Amino acid sequence: MSIIQTKDVKKWFGDFQALKGITMDVAEGEVLVVCGPSGSGKSTFIRCINRLEQHQEGQIIVDGIELTNDLKNIEAIRSEVGMVFQSFNLFPHLTVMQNITLAQIWVRKKNRAESEEKAMELLERVGIPEQAQKFPGQLSGGQQQRVAIARALAMEPKIMLFDEPTSALDPEMIKEVLDVMKELAKSGMTMIVVTHEMGFAKEVADRVMLFDEGMLVEENTPEEFFNNPKSDRTKLFLSQIL
Amino acid sequence: MVDLIKKNAKSLQESLFSSVGSAVLTIATTYLVINFFRGMLGFALTSDKDWLAVLNNMQLYMVQAYPEEDFIRVWLSVGLTFVLAGLSIGIWRSDDRVKSSQVFNSFFKGGLGVLFFTIIAPTNASFMGNDGSVITEEVFSMDTRLGILIPVAVFCVIFFSIRFINVKFTVNSSDMVFFYLFIPVALLWFVKLPTIQLDQNNERIIPDPVMPIADTTKIPWTVIFVSFLVSYFIGMYLKSIKSIKSIMSLSWFLLPLLIFSWIFKKPQIDMSVVLGSDLPIFGVFLLWGFLVITFVNNSIFKKYYSTYLGVTFLLTLVGVFSGLPMLAKTCLLLIALFSVVVPAVSTSSQGKRSLLIVWAVALVTLTFLLRGGASDTGIVVPGSSIFGGFSLTWLLAIFGTYVSFPLGVLLALGRNSKLPIIRIVCTGIIELTRSVPYITWLFFASVTLAVFLPAGVEFNLIVRVLMVTAFFSGAYFAENIRGGLQSIPKGQYEAADAIGMSPFQKISLIIMPQALRAVIPTLVSSAITAFKDSSLVTIIGLFDFLTIGKTVIGNQSIPVNFVGHDRENLIFVAIVYWIFTFTLSRRSMKVEKKLGLGER
């Protein structure tokens, strides 16, 4: 059963058409890696899935709820979909602990003790329980991104979206973030990951997609995608990055 | 010791005379500074100054014409502030330690202050005698002066040099506060000041030029000091209570309201109004809030909640411009704002219960304060206002900020709103208020505002001044805050959205705290400007702190002729203004430092 379904999703920024009709679906527990050159619409697409961007045509159905302008639906979907950004976007005025408990307390209406317990559990899972009382500005990029993952997980989402989570990191820090993501993938989380980390795609992805110029060029299993790509565009892309 | 002098001399040489150029610059600058301040120095060093004009009129400065038989109310206001300060220090600061070097440093600076005042204190005081002749009395002899100067100077040198010797211990910072407060209070009992009083026949008399300070001053201050100490210890005891800090913050917010509506005002309560109008209104709104909280999760009510909100806001708008009692208007505003918050908080039964308590307490407080504020005052004063001098300046400063700051936040958010009507209205208010001089608004308040208010609505002059002040400084606050809002990266909005926060939560928990932190310096300078601008109310006939010094005392000829003593009065007024604004800016720097923690 698919947890995300999109039908012919189109989006324009002014005159520029960013998405030219994307149709796809994601099954529960599936790990989907989306790659493609910059400007190909891959980030725009996953941002449409939790309505950070608004699509103009087509249909997006997440967990049985269709995304429309209804604010209640949007909030309901957002609390089921966790998102990790390229630039972390932690709240700089709150401690790591507060960053993680905030949404639990205000959106999930849990009490403080319960949400702090959950936060500690998650910090342990991402490997930085000792940083709980620090401010985001005092952490390294890799640690910040792991806090961001913990913050998203604190909402107990059914789906996690990763928008180039390692692009802003030093090579040494990439590994620590990828390790957390691999562990997450193995635990059965539904994930859509926009990334250029082909190693990650090979290792944990169930499916790989290639976007180019707003279109879905290729959709394949990792083995097929890397060893036996269908389209020439994929071959060109792979030859450039591998 | 010799090493020390050598070391200092060397560092002086290095910083002032390191090259020919810097030596020339040092000498030239010193010459210019001395020349520039010669007038001031001359004034400080001559004996030709009359601080009696200030000392004798302290009461006028503080409360203008507030009747002496009701002074207990003034003391109660000051005392309550000190009690609250004591509690706060006990709760927040009782563990803070100060390093020995800081202690010595502050003693050194304090000593310099004493030296300064001993030097500028006048030797003689001149009075105009009963027959019109000028009598000059020596009030501060050279012996006394030297008796203070020499020991204090020695102490200063000791405290200055002791910092270089390796003495290291820490002192509780609140002990320092007590010490600094103890000195002036203790001095009240020993120092004698020249005072002038009238005899029974209301003729000018010159009593012994050196009089002990009156019991009416020193006994209240001593009581206040003792209660300050006692409340400090109570505060240390209360520290362990969980929500004490929020209670204290709320008390600080409510204290000025309580002072101005009940303590200072001495309201004459008409029981028939309380029973006939206040209680029914209170009951209606208590029930209203109770119903909203109870049925907020009811599916039908939930569906039409936005309609309900719209209707409530419309009712509030109509209510504010109608002939309803003040209490009903304020309650309408309160229930409208309250209704916005209710759905976000009342999802659990625990949340509902605490909301209900908050609502009941807020209503009781509001009714109590408004009954005091709206009643006639029992204080009989000549002129239109029981507030004058420092009490008026303080009232304008505090209430100006109370109303204008939230207004500024709302206007800034409104100006950024996606809804065109709200955006246009807010932009209009901001641009209109900012582009007209404050003095024009003051005249507007005193002369024409009544014309624009609906028939039957009438406000006291001070309330009208507060209204225009709130909008005027609110517009400035709004523009500052808008600057802060623009500094928040888009990613913060998206992150808040992505974890499913409602727009209200996003603004109040994520965006506003960061935006305000970014603009603390400009907010504080706006607040300082507003505080100083309060002296402009003199133009519509209110007697603020400055007006007392310049106009009232400057024209006073009974019992003593103080005409022509502007110099001393203006210096005093300037110092008092400076103390408050400087403290404010220092406090804000500390807050900034504290909040800046996350940036590093």
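Scroll up to find the structure this text is about.
Remember, predicted model here, so these are calculated numbers, not experimental data. All residue numbers here refer to positions counted from 1 along the written sequence of the relevant chain. As a convention, the first chain written is A and the first ligand written is 1, with the rest following in written order. pLDDT decides what is reported in this predicted model: residues at 70 or higher carry local features, side-chain atom pairs at 80 or more are listed and counted, and totals for whole chains, interfaces and linings draw on all residues regardless. Only hydrogens and water are removed before side-chain values are computed, so all heavy atoms of the structure are retained for them.

**Quick look at the sheet that holds strand β4 (residues 57-62) of chain A**
Residues and elements named next belong to chain A.
Then, number 1: Spatial strand order, β2-β1-β4-β5: four strands in an open sheet with antiparallel pairing. Of all strands in the sheet, those with a lone pairing partner are β2 (16-27) and β5 (65-66), marking the two edges.
Then, number 2: Should DSSP find at least two bridges between two strands, the strands are taken to pair. Helix numbering and strand numbering both begin at the N terminus, where a helix is a DSSP run of H or I of at least 4 residues and a strand a DSSP run of E of at least 2. Sheet topology note: the strand β1 (residues 2-13)/β2 ladder contains nine bridges and is antiparallel. Each residue of the ladder has a partner; that of Trp12, found in β2, is Gln17.
Then, number 3: Each of β1, β2 and β4 is contacted by helix α1 (residues 42-49), which is oriented at about 60° to β2, the strand it contacts most. Here a residue-residue contact requires only that any non-hydrogen atoms of the pair lie within 4.5 Å. Note on definitions: angles span 0 to 180 degrees between N-to-C directions of axes, and those axes are lines fitted to C-alpha atoms, for helices only across the stretch in contact.

**With respect to the nonpolar core**
Then, number 1: Among the nonpolar cores identified, the biggest contains 59 residues, and Phe45, Phe91, Leu161 and Ile192 of chain A together with Met501 and Ile510 of chain B are the most heavily contacted of them.
Then, number 2: Within this scheme, the nonpolar core is defined by two criteria: the residues are buried Ala, Val, Leu, Ile, Met, Phe, Trp, Tyr or Cys, and they are joined through side-chain atoms within 4.5 Å. For each residue, the accessible area found with a 1.4 Å probe, counting protein chains only, is set against the maximum for its type, and the residue is called buried under 20%, exposed over 50%, and partly exposed in between. Within the second largest apolar cluster, 47 residues are counted, among which are Val31, Val84, Ala132 and Phe225 of chain A.

**Considerations on the interface of chain A and chain B**
Then, number 1: With 25 residues of chain A at the contact, the number on the chain B side is 24 residues.
Then, number 2: What makes a salt bridge here is a side-chain nitrogen of Lys or Arg within 4 Å of a carboxyl oxygen of Asp or Glu, nothing more. At the boundary of chain A with chain B, the tally comes to two salt bridges.
Then, number 3: With its nearest N and O atoms 2.4 Å apart, the salt bridge here joins Glu494 of chain B to Arg47 of chain A.
Then, number 4: Pairs of N or O atoms within 3.5 Å make up the polar contacts considered here, provided that, within protein, one atom can donate a hydrogen while the other can accept it, and that residues adjacent in sequence are counted only when both atoms are side-chain atoms. Across the contact surface, chain A and chain B share six residue pairs in polar contact (both at pLDDT 80 or more).
Then, number 5: The element best represented in the side of chain A that touches chain B is helix α2 (residues 71-80) of chain A, accounting for four residues.

**A closer look at the pattern of salt bridges**
Think of it this way: side chains of opposite charge can pair up when their charged atoms draw near.
Then, number 1: In total, this model carries 29 salt bridges over all chains according to the counting rule given.
Then, number 2: Across the pair Asp63 of chain A and Lys158 of chain A runs a salt bridge whose closest N-O atoms are separated by 2.8 Å. Of the two residues, Asp63 of chain A is situated in the loop between β4 and β5 and Lys158 of chain A in the loop between α5 (141-153) and β7 (159-163); the sequence distance between them amounts to 95 residues.
Then, number 3: Asp63 of chain A sits in the partly exposed class, given a relative accessible area of 28%.
Then, number 4: Salt-bridge contacts for Glu156 of chain A lead to Lys118 of chain A; the nearest nitrogen and oxygen are separated by 3.1 Å. Separated by 38 residues along the polypeptide, Glu156 of chain A in the loop between α5 and β7 and Lys118 of chain A in helix α4 (residues 112-126) bring together distant segments of the chain.
Then, number 5: For Lys118 of chain A, a relative accessible area of 15% puts it in the buried group.
Then, number 6: Each of Arg415, Glu431, Arg434, Glu479 and Arg482 of chain B takes part in salt bridges that share partners, so that together they form one network.

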